[in-house]
Amino acid sequence: MTRVELLSVGKRYPARGRSTTETVAVDDVSIEIASGEIHAVIGYSGAGKSTLLRLVNGLERATSGQIFIDGVEITGLSESKLRHVRSRIGMIFQQFNLFHSKTVFKNVEYPLVVAGTPRDERQARVLELLSYVGLEEYAHSHVEQLSGGQKQRVGIARALATNPGLLLADEATSALDPDTSREVLELLARVNREFGITILLITHEMDVVREIAQRVTVMEGGRAVEQGDVFDVFSAPQTDTTRRFVSTALPTVPDPEHLLALREKHRGKLISVTLRDGGVDQPVVFRTLADRGVGVSIVHGGITDVGGRSFGKLTLELIGEGVQVEHAIAALAQETELEVLA
Ligand code: ADP
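Definitions and cut-offs
- Residues numbered from 1 in each chain as written.
- Predicted model: local features only at pLDDT ≥ 70, side-chain atom pairs only at ≥ 80, totals over all residues.
- Heavy atoms only, no water.
- Pairing = 2+ DSSP bridges.
- Helix = DSSP H or I, 4+ residues; strand = E, 2+ residues; numbered from the N terminus.
- Axes fitted to C-alpha atoms, helices over the stretch in contact; angles between N-to-C directions.
- Buried < 20%, exposed > 50% of the residue type's maximum accessible area, 1.4 Å probe, protein only.
- Contact = heavy atoms within 4.5 Å.
- Near = heavy atom within 4 Å.
- Polar contact = N/O pair within 3.5 Å; in protein donor to acceptor, adjacent residues only side chain to side chain.
- Areas by Shrake-Rupley, 256 points an atom, 1.4 Å probe, with all protein chains shown as cover.
- Nonpolar A, V, L, I, M, F, W, Y, C, P; charged D, E, K, R; others polar.
- Parallel < 35°, antiparallel > 145°, perpendicular 65-115°, else oblique.
- Left-handed = near helix turned anticlockwise from the far one by under 90°.
- Core = buried A, V, L, I, M, F, W, Y, C linked by side-chain atoms within 4.5 Å.
- Domains from an automatic or database assignment.
- Buried area = accessible area lost by both parts, 1.4 Å probe.
- Salt bridge = Lys/Arg side-chain N within 4 Å of Asp/Glu carboxyl O.

Colleague: Sorry if this is basic, but what is going on with the sheet that holds strand β8 (residues 198-203) here?
Modeller: Where strands meet in a sheet, backbone hydrogen bonds hold them as pairs that are either parallel or antiparallel. Pairing within the open sheet is mixed, and its six strands lie in the order β6-β7-β8-β3-β9-β10. Only two strands of the sheet have a single partner each, and these edge strands are β6 (89-93) and β10 (223-229). The sheet shows a mean angle of 15 degrees between the axes of neighbouring strands, taken without regard to direction. Relative to β8, strand β7 (residues 166-170) runs parallel, the two sharing five bridges. Across the sheet, the residue bridging to L168 is L200, located in β8.

Colleague: What is the right way to read helix α9 (residues 240-249) from this model?
Modeller: Among the residues making up α9, those that are buried are T241, T242, F245, V246, S247 and A249. Turning to α9, the residues buried within the fold contact β3 (38-42), α7 (206-212), β9 (215-220), β10 and α8 (230-235).

Colleague: Could you clarify how one ought to interpret the site of the ligand in this entry?
Modeller: Taken together, 13 residues are adjacent to the ligand, and G46, G48, K49, S50 and T51 come closest. G46 is positioned with one of its backbone polar atoms (N or O) 2.6 Å from an oxygen atom of the ligand. Contact between the ligand and S50: an oxygen atom at 2.3 Å from a side-chain N or O atom of the residue. The protein chains hide 70% of the 560 Å² of surface that the ligand would expose on its own. Of all elements in the fold, only β2 (23-33) and α1 (49-56) reach the threshold of two or more residues within the shell around the ligand. Along the lines of polarity and charge, the residues of the shell around the ligand split into four nonpolar, six polar and three charged.

Colleague: What's the story with the packing of helix α3 (residues 104-114) against helix α5 (residues 148-160) in this structure? I'm lost.
Modeller: Packing of α3 against α5 brings their axes to within 7 Å, and their N-to-C directions diverge by 30 degrees. If you check the angle between α3 and α5, you find them roughly parallel. Viewed along their axes, α3 and α5 form a crossing whose handedness is right-handed. Along the contact surface, α3 presents V104, N107, V108 and P111, while α5 presents V154, A157 and R158. The residue makeup of the contact of α3 with α5, split by class, is five nonpolar, one polar and one charged.

Colleague: Any chance you could explain the side chain of T2 here in plain terms?
Modeller: Within the element layout of this structure, T2 appears in the segment before β1 (4-13). Look at T2 and you get buried, because its relative accessible area is 3%. A distance of 3.4 Å separates a polar atom in the side chain of T2 from the backbone oxygen of G165. Not counting the four nearest positions on each side in its chain, T2 is found in contact with I33, A34, S35, G36, I69, D70, G165, L166 and T198.

Colleague: Which parts of the structure should I look at to understand the nonpolar core?
Modeller: Most often, soluble globular proteins have nonpolar side chains that are buried together. If you look at the biggest cluster of nonpolar residues, it comprises 55 residues, and the most contacted ones within it are I156, L188, L201, M206, V209 and F234. Discounting chain neighbours no more than four positions away, the residues touching M206 are I42, F234, F245, V246, T248 and A249. I31, V41, I89 and L168 belong to the second-largest nonpolar core, a separate cluster that totals 27 residues.

Colleague: So what exactly am I meant to see when it comes to the domain arrangement of the protein here?
Modeller: In many reports, interface size means the accessible area that the parts give up when they come together. Assigned domains of the protein: these are domain 1 (4-249) and domain 2 (256-340). For domain 1 and domain 2, the distance between their C-alpha centroids amounts to 39 Å. With six residues of domain 1 in contact, the opposing surface of domain 2 contributes eleven residues. In total, about 890 Å² of surface goes out of reach between domain 1 and domain 2, with carbon and sulfur atoms giving 59% of it. Summed over the shared surface of domain 1 and domain 2, the number is one salt bridge. Note that E257 is salt-bridged to R244, the shortest N-O span being 3.0 Å. Inspection of the region where domain 1 meets domain 2 yields one residue pair in polar contact (both at pLDDT 80 or more). When residues in the side of domain 1 that touches domain 2 are grouped by element, the largest group, four residues, is from α8. Grouping the amino acids of the side of domain 1 that touches domain 2 by side-chain chemistry returns three nonpolar, one polar and two charged.

Colleague: Help me understand α3 in this model?
Modeller: An α-helical segment advances 3.6 residues per turn. Residues three or four places apart therefore align on the same side. Inspection of α3 places V104, F105, N107, V108, E109, P111 and L112 among the buried residues, and these make up the whole buried set. As for α3, its buried residues are in contact with α4 (119-132) and α5.

Colleague: Please clarify how the side chain of S235 should be interpreted in this entry.
Modeller: Relative to the elements of secondary structure, S235 occurs in helix α8. When its relative accessible area of 2% is taken as the criterion, S235 is described as buried. Among the polar contacts listed, one links the side chain of S235 to the backbone oxygen of F231, at a separation of 2.7 Å. If we skip the residues at most four places from it in the chain, S235 touches R276, F311 and K313.

And the structure:
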């Protein structure tokens, strides 16, 4: 159980080569991660996610701001004190970062050897971990003989070996196919639930966020452009970047390009109506429009599950006289959350 707090954290890299401008990889980012939370940081390549992760495990030093782990400010710690903090942090990676020519057992045992754990304790702990991730019969297999999903499970067992309070996951499922990816995410969710381990994961895949995170920070150009509960951010994205991510995970929301294409095809007014858990009664939408003599066709949308709650959007084309359509929109706005797609 570990709490992480970033306060106006920045990281600048000095100019390199012929370039005279420094790179601002992380720019004034504040994130609070509660103990036992799964927090996802999502962004496109170059957004500053990996730098942020390296700042949290102390592999890089912030150039401004403060980072607290369980209330201890790590920003100014000496390397030896940082090593101690790091021993309470597990890491898993996109490319697994395992010793490929060693056995599964040796890989999981490695952090325990480094920590000076006695041999018989190590033996018991490794077997316990392998059984937890469902790989006990692979203990003496070489890592190179395993599938990608099995390798990542070894990575997770290794990360858990020293009982960390915080697990950092760097694109942990990006190299896996969707089914395997889901299995690994389920394992991470179980680790979080059963051991209360806080998880900070970075990803460029919104599905990862949707499936396991409780809170999310969206990064762009080094900045945190949006932040909050996953359901809230998904259901009401405030920036184009977030909208774009959301549209990849929710087939219910047209992305900006798709919206352009829809406009080409549908000349009527386009609106989007939000459907939430226990929220809008769909017949109300259609009745309100029909009562005002406005025709409607559904041009995009559906309902899906976000963090265990149902959420969806319908994009509707309204067909009718301008004034009637305006009145219908006004009436509908009294009933439900709607957005006129300009
Ligand atoms: P992401 O993980 O979101 O792809 P990164 O954190 O890797 O983003 O990179 C953010 C920015 O910082 C990029 O412009 C990248 O080129 C730059 N950057 C990352 N690491 C270094 C470094 N060691 N030296 C200089 N620039 C770096």
